[in-house]
Amino acid sequence: MPSPSPSATPERLIRREVLALHAYHVPPASGMIKLDAMENPYSLPPQLCDEIARVVAEAAINRYPDAGAHSLKEKIRAVTALPPNMDVLLGNGSDEIIQLLAMAVAQPGAVLLSVEPSFVMYKMIATFTGMNYVGVPLTEDFALDLPAMLAAIRQHRPALVFLAYPNNPTGNLFDADAIAQIIAAAPGLVVVDEAYYAFASDSFIPQLARYSNLLVMRTFSKLGMAGLRLGFLAGSTAWLGQMEKLRLPYNVGVLPQLVAEKLLQHHDVLLQQAAQIREDRAWLFERLVGTVDAHAYASEANFILFRVNHADKVFEGLKQRGILIKKLHGAHPALADCLRVTVGAPAENEAFIRALQESIHQSVQGINHA
Ligand code: PMP
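Parameters at a glance
- By convention here, each chain's residues receive numbers from 1 onward along its written sequence.
- Local features are withheld for residues below a pLDDT of 70 in this predicted model, meaning they are given only at 70 or higher, and side-chain atom pairs are given and counted only at 80 or more; totals for whole chains, interfaces and linings count all residues.
- Note: side-chain values were computed over all heavy atoms of the structure, leaving out hydrogens and water.
- Proximity criterion: a residue is near a molecule or strand once any of its heavy atoms comes within 4 Å of it.
- Two N or O atoms form a polar contact when they lie within 3.5 Å of each other; inside protein one atom must be a possible hydrogen donor and the other a possible acceptor, and for residues adjacent in sequence the pair counts only when both atoms belong to side chains.
- Each residue receives one of three labels: charged for Asp, Glu, Lys and Arg, nonpolar for Ala, Val, Leu, Ile, Met, Phe, Trp, Tyr, Cys and Pro, and polar for the others, Gly being one of them.
- Salt bridges are defined by distance alone: a side-chain nitrogen of Lys or Arg within 4 Å of a carboxyl oxygen of Asp or Glu.
- Helix and strand definitions here come from DSSP, where helices need a minimum of 4 consecutive H or I residues and strands a minimum of 2 consecutive E residues; each element is numbered from the N-terminal end.
- Exposed residues in this analysis have more than 50% of their type's maximum accessible area, buried residues have under 20%, and partly exposed residues fall in between, with area computed by a 1.4 Å probe over protein chains only.
- Segmentation of the chain into domains, including their bounds, is taken from an automatic or database domain assignment.
- Here the quantity called buried area is the accessible surface, traced with a 1.4 Å probe, that two parts lose on coming together, added over both.
- Contact definition: two residues touch when any of their heavy atoms are within 4.5 Å.
- The criterion for strand pairing is that DSSP finds at least two bridges linking the strands in question.
- Working convention: axes come from line fits to C-alpha atoms, limited for helices to the stretch in contact. Angles between N-to-C directions cover 0 to 180 degrees.
- Only protein atoms enter the 1 Å grid, on which a cavity is a set of points fitting a 1.4 Å probe that cannot get out and a pocket is an open set with protein on both sides within 12 Å along at least 5 of 7 lines, lining residues being those with an atom within 4 Å of a point.
- Grid points are joined across faces, edges and corners, and a volume is the space filled by probe spheres set on the points.
- For Phe, Tyr and Trp, rings pair up if their centres lie within 6.5 Å, where Trp contributes its six-membered ring, and each pair is then called stacked (planes under 30 degrees apart), edge-to-face (over 60) or tilted (otherwise).
- A ring has a charge above it when a Lys NZ or an Arg CZ is no more than 6 Å from the ring centre and no more than 35 degrees off the ring normal.
- By this rule the span expected of a helix is its residue count minus one, scaled by 1.5 Å.

In the neighbourhood of the ligand, 14 residues make up the surrounding shell, with S94, D193, Y196, T219 and S221 lying closest. The contact in question runs from an oxygen atom of the ligand to an N or O atom on the side chain of R229, over 2.7 Å. Along the lines of polarity and charge, the residues of the shell around the ligand split into five nonpolar, five polar and four charged.

What follows is the structure, encoded as structure tokens:
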């Protein structure tokens, strides 16, 4: 048998930019109160669980899924209020849709532009697909810097612009007029990423018919379906028809299609949970504002960004107390000393606030004693 070529090492074969990447890190959370990943904390009513169990038991998992997911798409249309003549494309999570969009436009030299800090996958996927990434800094209070955005658009002529609305990890909605000006100025596609739409007071879905270069992306992950992996892109068939060519035919499996469809039949249950989360967000925000040495940023999403002194120590203190949130300190200079907490169920939020106050107290004492 011929021995493998000595030149076939990962270092020689894999693209330089891929070798330089760090894999997306998902920390272990077993046994902890998990407030790190913007998940919906609520389970489903038992009756709905039974209905899902029946649907799953009867599913033809020996068959490939409906490649066009027609029935599920109908349900999505029914709950989304799409303007006429707009279509949807489904992704295995919206992460997959970001990748698909980037693959579609990734000619040599093509630019993907976003803001910083924002969702890290925009930059990572630009790298995966060989696009040039440009990140325009937000202002100090995490607003869009419109003059800087317009200048960057003139300079770099991006094929793709991603704007998360509300933004992750900052939680705010950008100014809608500023976004409109960006859409008007962009020579390429602008994707408004509404991953957190269920918790926000505004949407660009009604604007779809107004701009030929606008697409709106959503996910059901934050609404209680993170485990199903289902996102969608809404826009005109002129764009989506092209993207469909790149979508792998069976990217959404039989079970996610059936279960998501069943859940969307009971959309009111999910919306009720989202409404509860918005109420609890207000409670959590008030407590954070009232916490000595913490500064919280107002949020239209299901998480809150906040700043503390000694974020590393506070994060570890929370972990020791069984609470996992997201440490953003170290991820970007604008996020120095920042942590992000997902809104959980009331008892989880209470436990978090208690543990946070203890951890802050402990970190201050630790510093004083050092
Ligand atoms: N967009 C934004 C802004 C996000 O924060 C996330 C998840 N953190 C996603 C997209 C991806 O979500 P999913 O792949 O679960 O649909």
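Now that the structure has been shown, the text picks up again.
For the structure shown, the criterion picks out 13 salt bridges. With a shortest N-O distance of 3.0 Å, K262 and E51 are connected by a salt bridge. Linking K262 in helix α10 (residues 254-265) with E51 in helix α3 (residues 46-57), this pair joins segments that are 211 residues apart in sequence. Judged on exposure class, the residue K262 and its partner E51 are both buried. Two residues, R287 and E286, come together in a salt bridge whose shortest N-O distance is 3.6 Å.

The assigned domain composition of the protein chain is domain 1 (10-44 + 269-369) and domain 2 (64-266). Distance between the C-alpha centres of domain 1 and domain 2: 24 Å. Buried area between domain 1 and domain 2, summed over both chains or domains, comes out near 2400 Å², and the portion from carbon and sulfur atoms is 67%. Across the contact surface, domain 1 and domain 2 share 11 residue pairs in polar contact (both at pLDDT 80 or more). Listing elements by their share of the side of domain 1 that touches domain 2, those giving two or more residues are α11 (267-289) and β10 (303-308). When residues of the side of domain 1 that touches domain 2 are assigned to their parent elements, the largest contribution, seven residues, is made by α11. Taken together, the residues of the side of domain 1 that touches domain 2 sort by class into 17 nonpolar, six polar and eight charged.

Okay, the side chain of D36 next. Residue position: D36 is located in the loop between β1 (33-34) and α3. By relative accessible area, D36 is classed as buried at 8%. Within the structure, the side chain of D36 is placed 2.9 Å from the side chain of K34, a separation counted as a polar contact. Leave out the neighbours within four places in its chain, and D36 touches P27, L324, I325, K326, R340 and T342.

So, about the sheet that holds strand β8 (residues 231-236). Within a sheet, each strand pairs with its neighbour through backbone hydrogen bonds, oriented either parallel or antiparallel. The strand order across the open sheet built from seven strands is β2-β8-β7-β6-β5-β3-β4, with neighbouring strands paired in mixed fashion. Each end of this open sheet is capped by a strand with a single partner; those strands are β2 (86-91) and β4 (132-137). Between one strand and the next, the sheet's axes are offset by a mean angle of 25°, whatever the strand orientation. Each of β2, β5 (160-164), β6 (189-193), β7 (214-219) and β8 is contacted by helix α5 (residues 94-105), which is oriented at about 150° to β7, the strand it contacts most. Where helix α9 (residues 237-246) meets the sheet, its contacts fall on β2, β6, β7 and β8, and the angle it forms with β8 comes to roughly 135°.

Right, let's talk about empty space enclosed by the protein for a bit. The gaps left among the atoms become clear once a water-sized probe is rolled over them. Inspection of every chain in the model, using the stated rule, returns one cavity of 30 Å³ or more. Approximately 60 Å³ is the volume attributed to the largest cavity. Lining the largest cavity are 13 residues, and of these A67, A69, L90, R247 and N251 sit closest to its centre. Here the residues of the lining of the largest cavity are counted per class, giving six nonpolar, three polar and four charged.

Here the focus is the packing of aromatic side chains. Taken as a whole and assessed by the stated rule, the structure comprises eight aromatic pairs. When the centroid spacing of 5.7 Å and the interplanar angle of 35° are considered together, the rings of F220 and F232 count as tilted. With F220 in the loop between β7 and β8 and F232 in strand β8, the pair connects residues that are 12 residues apart, well separated along the chain. With relative accessibility at 0%, the residue F232 sits in the buried group. Between R218 and the ring centre of Y197, over which it is positioned, the NZ or CZ distance is 3.9 Å.

Taking 1.5 Å per residue as the helical rise, α11 with its 23 residues ought to reach 33 Å, and the 33 Å between its terminal C-alpha atoms agrees with that figure. For α11, the complete set of buried residues consists of H267, V269, L270, Q273, A274, I277, D280, R281, L284 and L288.

Moving on: the pairing of β8. Extensive coverage of β8 is indicated by the burial of five of its six residues. Here β2 pairs with β8 via six bridges, running antiparallel. What sits directly across from V88, in β8, is A234. Both β7 and β8 contribute to a ladder of four bridges, which runs antiparallel. Pairing of M217 across the sheet is with L233, part of β8.

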